[in-house]
Amino acid sequence: MSQVLSVKNLSISFGGLRAVDDLSFSIDRHEIYGLIGPNGAGKTTVFNCITQFYKPDTGEIRFTDQKGREHLLNGMPPHKIIGLGLVRTFQNTEIIRELPIIDNVLLGAHTEFKAGVLANMFAMPWARKQERELRKKAMEALKYCGLDQIANEYAGAQPYGVLKLIELARTLMCEPSLIILDEPAGGLNDAETERLTELIRGIARDHHCAILLVEHDMKLVMGLCHRICAISFGKKLAEGTAAEIQENALVQDAYLGKEDEA
Amino acid sequence: MRLIRNKYLQYLLVGVAFLLPVLLRGVPTATVTLAASMVYTAIAGLGINVLLGYSGQISLGHAAFMGLSAYLSAYLTKQLELPFILSVLIAVAAPLLIGLILGAIAVRLEGFYLAIATLGFGEILRQLFIEMDWFTGGFSGASATYPTIFGQTLTKNGMYTFMVCLLVVLMMLVHNLVHSSTGRAMIAMKSSRSAAMAMGVNVFQYKLISFAISSVFAGLAGVCYVHFFRHVDPTVWTAGLSLNLIALVVIGGAATVGGAVVGAVVMHGLPELMKEMPIIGEIPGLPLLIVGILMIIILIFYPRGLIFVPRGIIDSIKKRFGNAKKGEV
Amino acid sequence: MVEFFQQVVGGIETGSMYALASMGLVLIFQTAKIINFSQGTLGMFMAYVCTGLILELQMPMWAAVPAAMGIAMLLGALIDHFLMNSKQNITNLSREMITLALIMIFQGLAPMLFGANETPFSKFISASALDIGGVKILPNSLLIIGITCAIMATLFIILEKTTLGVAVRATASNPQTARLQGIPVKLVTLGSWAVATALGCLAAVMVAPLKNVTVSMMDSIHLNSFIAAVLGGFSTFYGPVVASFIIGIANNLLGYYVSTKWSLPMLYALILLFIVLRPNGLFGKKIVKKV
């Protein structure tokens, strides 16, 4: 099976603190891959390095797009990443509160828009047409996530669970081949988490894409992920299936054991 | 009801309302002059709203851009006798070009660098206005004429009508812009830079675009000013005017198309009203103080701006009315 | 050569005023993460207050200036408490715009309360100039430079050596973490506002004898303190202070050797060029934003 993302020897330090230390892993096409680790293990930092929000000190991050072309992500400006088909969500949800829900989702298709400033200013018919088409597509994405009823309400007024879903719907607009989810179930209740698990599984299946996720909810991770990588202090502890990870002594020490106490 | 909701129609109605002083008989010319002040500030304010309201950047140098265009247009039409349209194009291209260069330096950095760079640059420009007297007439200023468009030399009322038409067209263009992918990207980068970047918005590019648009609008406002008042001197284009532009956008309603117009009306109307009043009219600095206080009240308690006051009142009446109805049932 | 030193001494004197103002800017920027655009205007207003204390209440200069600085501290604290932190969800952009509104408020208030006329303001020391190897130095200038150096030294010692300084620096580097570690972040920003406003007041009182007390007296000081903060880098405390002296001296030398009229525009252009090459200023570090 071909890979969609490969991370090799990734390291980054902040003022002497090694947040990620020589980490390597790779994700296959259509795979749901989990990244777990105790708080402060550097999971979100890994995401930020992959999407070039942080520039890693060492290591190579390679991404293979839908057409099979390989791209070296290192040094790319962050706004170019989504164009390759690699899209992310944020730990604390980054939603545009001033915009209606559907416009938030449309933002996910930003790179698709052909119209420039002048075409938009003079509302050229072709630009309006493209806007209408993408709006339809955004509506479908919202429907997929069960938000189509409130598509025109302002995002700022929505509860946390809905914000998480808007972010998810937003990732579906760019024909992704890899979606990175940063704690998709953070702050959700059990029923919501269960629905979300099904939704993520459905997205991987229906959109033929791989998913890389960080999550603290072990039930979700173990039930959903094909493979899991456990890290601690930026270092890889173990990699394998849910069962393998659960049995790994190192992981139990660093993570699962402590989780039980809490 | 649906017709009134049509935004283009609303903007046309705003235009008609502004034209009342020239349409009605017996309106003193001072009223037209006051209204013209509102219109040219509204045009500059529209641009500032794209910059500040939609993309969240502060500029303290747009008054200088207005001045630059005003001087240029006066010089080109009077000294070089270029046709009005051509001189407008050149006069507006100048702040656009400078804006792009200045923006390219400052916009890459943290947000506040733009405010400081424009403040400094505005001061340099103002110094130029004073020193380069072969071009600007120094302290005494330069004069200009009513423009000639397509062989027709405009009168005072004609120039005013031209300005109102320009305002209406610009409102429509801004409306189109902010309701498109460009406007969405601007609002996104103001609200969450991270989300905007992750979704493919080139933040640098969009900041620069909004700065360029606002520079062009400031240029157009300057051109309107010089050909309506037919005189331009360096005392007008201070950082204080740039500050006023920001204040009127905030007071009228940031990130709304009509906000700049409402703000401009308040900004120029308020001091005029107060002049009429006994005692209060005598106090120096009072209008400035009131505008400042109004701005803070709006920023803290009513960030949507004055433009939402009527709608807010209607909504609260509706709510009461609706509740009463429910109560009856 | 004598003229050269004469210009340098003059530059150090004006640089002192820029340094006080830019220190105020950076204090607020570091702790509250906003630019206080009203720094200069608040200083101007406090110069009026100081004039009022001297002329109306017949206070001697040595008492009026500290009294005005005390009032300035109170004013700064009130602004921070009632305007900057009036609501939880107020954005930093709104806060910066509130400081813009403060410019209008105090520019409106000053002529209302104190009249629209220019008021002369006497020097701290009116003794005639000393002659040091041909370079003429007013004792008043020496006092200004001395006070500034003393204040800067005190501030740096507080910032570097005391627990209070640690609290300020911790707030500056990460307010959330600082709050979690029990540092009263709110009090730190309140204190920064108070100290910054007092510094602005002092700068204004120093300028006052040169320019008289007017609404626009602080305009150029304010702008140059901004430029100094940009040149020195907003991410350090000492950078803007050093840059203030550089700007003061460079402006004087350019004015003397090249052109008085064009010295400032040339200086700004040079600094703009410099920022293209070194976006974070002379001493600044890149600010890494947490996502």
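This text follows the structure it describes.
Residues numbered from 1 in each chain as written. Chains lettered and ligands numbered in written order. Predicted model: local features only at pLDDT ≥ 70, side-chain atom pairs only at ≥ 80, totals over all residues. Heavy atoms only, no water.

A. The overall build of chain B, seen in detail. Check the secondary structure of chain B and you find 15 helices and 4 strands. Taking 329 residues into account, the globule formula puts the C-alpha radius of gyration at 20 Å, and chain B, at 21 Å, falls close to it. Dimensions of chain B along its principal axes, counting C-alpha atoms only, are 75 × 55 × 45 Å. In chain B, which comprises 329 residues, the proportion classed as buried is 56%. When the accessible surface of chain B is split by element, carbon and sulfur atoms take 67% of a total near 13800 Å². Seen as two clouds, the 21 positive and the 11 negative side-chain charges of chain B have centres 18 Å apart. (Helix = DSSP H or I, 4+ residues; strand = E, 2+ residues; numbered from the N terminus. Rg over C-alpha atoms; globule rule 2.2 N^0.38 Å. Buried < 20%, exposed > 50% of the residue type's maximum accessible area, 1.4 Å probe, protein only. Areas by Shrake-Rupley, 256 points an atom, 1.4 Å probe, with all protein chains shown as cover. Lys, Arg positive; Asp, Glu negative; His and termini not counted. Charge placed at Lys NZ, Arg CZ, Asp CG, Glu CD.)

B. Local environment of the nonpolar core. Ranked by internal contacts, the top residues of the largest apolar core, which has 267 residues, are Leu213(A), Ile58(B), Tyr160(B), Ile246(B), Met295(B), Met97(C) and Leu100(C). Sorting elements by how many residues they give to this core places helix α3 (residues 29-54) of chain B first, with 15 residues. In contact with Met295(B), other than residues within four places in its own chain, are Ile246(B), Ala247(B), Val250(B), Ile251(B), Met97(C), Leu100(C), Ala101(C) and Met104(C). By size, the runner-up hydrophobic cluster in this structure holds 32 residues, among which are Tyr33(A), Leu84(A), Leu86(A) and Ile231(A). (Core = buried A, V, L, I, M, F, W, Y, C linked by side-chain atoms within 4.5 Å. Contact = heavy atoms within 4.5 Å.)

C. Representation of the pattern of salt bridges in the model. Taken as a whole and judged by the stated rule, the model has 22 salt bridges over all chains. With a shortest N-O distance of 2.8 Å, Arg18(A) and Asp21(A) are connected by a salt bridge. The exposure class assigned to Arg18(A) is partly exposed, which follows from its relative accessible area of 44%. Residue Glu272(B) pairs with Lys275(B) through a salt bridge whose shortest N-O separation is 3.2 Å. (Salt bridge = Lys/Arg side-chain N within 4 Å of Asp/Glu carboxyl O.)

D. Broad picture of the interface of chain A and chain B. Listed as interface residues are 31 residues of chain A and, on the opposing side, 25 residues of chain B. When the two sides are added together, the surface that chain A and chain B hide from each other amounts to roughly 2500 Å², 67% of it contributed by carbon and sulfur. Run the count over chain A and chain B and you get 2 salt bridges. Residues Arg184(B) and Glu131(A) are paired through a salt bridge, measuring 3.2 Å at the closest nitrogen-oxygen approach. Contributions of two or more residues to the side of chain A that touches chain B are made by α2 (78-81), β6 (86-88), α3 (101-107), α4 (117-121) and α5 (125-144) of chain A. (Buried area = accessible area lost by both parts, 1.4 Å probe.)

E. Region of interest: the sheet that holds strand β5 (residues 70-72) of chain A. All names here are of chain A. In spatial order, the strands read β2-β1-β4-β5; together these 4 strands make up an open sheet with antiparallel pairing. Each edge of the open sheet carries a strand with a single partner, namely β2 (17-28) and β5. Each adjacent strand pair in this sheet contributes to an overall mean axis angle of 20°, direction not counted. Pairing between strand β1 (residues 3-14) and β2: 8 bridges, direction antiparallel. Bridge pairing links Ser6 to Ser26 in β2. Against the sheet, helix α1 (residues 43-50) contacts β1, β2 and β4 (58-64), and its axis sits at roughly 115° relative to β1. (Pairing = 2+ DSSP bridges. Axes fitted to C-alpha atoms, helices over the stretch in contact; angles between N-to-C directions.)

F. Region of interest: the interface of chain C and chain B. Counting from both sides, the interface comprises 39 residues of chain C and, opposite them, 43 residues of chain B. When chain C packs against chain B, close to 3600 Å² is buried across both sides, 84% of that on carbon and sulfur atoms. Contact with chain B buries surface across chain C, with Met97(C), Met104(C) and Met112(C) losing the most and accounting together for 18% of the total. Across the contact surface, chain C and chain B share 1 salt bridge. Residue Lys261(C) pairs with Glu131(B) through a salt bridge whose shortest N-O separation is 3.3 Å. The interface formed by chain C and chain B includes 2 residue pairs in polar contact (both at pLDDT 80 or more). For the side of chain C that touches chain B, the secondary structure elements donating two or more residues are α4 (92-114), α9 (219-232) and α11 (263-277) of chain C. Top element by residues in the side of chain C that touches chain B is α4(C). It accounts for 16 residues. By residue class, the composition of the side of chain C that touches chain B is 31 nonpolar, 4 polar and 4 charged. (Polar contact = N/O pair within 3.5 Å; in protein donor to acceptor, adjacent residues only side chain to side chain. Nonpolar A, V, L, I, M, F, W, Y, C, P; charged D, E, K, R; others polar.)

G. Structural detail: the sheet that holds strand β8 (residues 210-214) of chain A. Residues and elements named next belong to chain A. Spatially, the 6 strands line up as an open sheet ordered β6-β7-β8-β3-β9-β10, and their pairing is mixed. Strand pairing shows two members of the sheet lacking a second neighbour, β6 and β10 (235-240), which therefore form its edges. For this sheet the average axis-to-axis angle between neighbouring strands, irrespective of direction, equals 15°. Of the strand pairs in this sheet, strand β3 (residues 32-36) and β8 are connected by 4 bridges, and their pairing is parallel. Looking at the pairing, Ile32 lines up with Ile211 of β8.

H. Molecular detail of the pairing of strand β7 (residues 178-182) of chain A. Residue and element names in this part refer to chain A. Burial analysis of β7 places 5 of its 5 residues in the buried class, which makes it a mostly covered element. Here β7 shows a buried face lined by Leu178, Ile180 and Asp182 and a second buried face lined by Ile179 and Leu181. In the sheet, β6 pairs with β7 via 3 bridges, with the strands oriented parallel. When the sheet's bridge partners are listed, Arg88 is paired in β7 with Ile180. Alignment of β7 against β8, held across 5 bridges, turns out to be parallel. Across the sheet, the residue bridging to Ile179 is Ile211, located in β8. Taking the sense of rotation as the criterion, the β-α-β connection linking β7, helix α7 (residues 190-206) and β8 turns out right-handed. (Right-handed = clockwise from strand over helix to strand, strands pointing away.)

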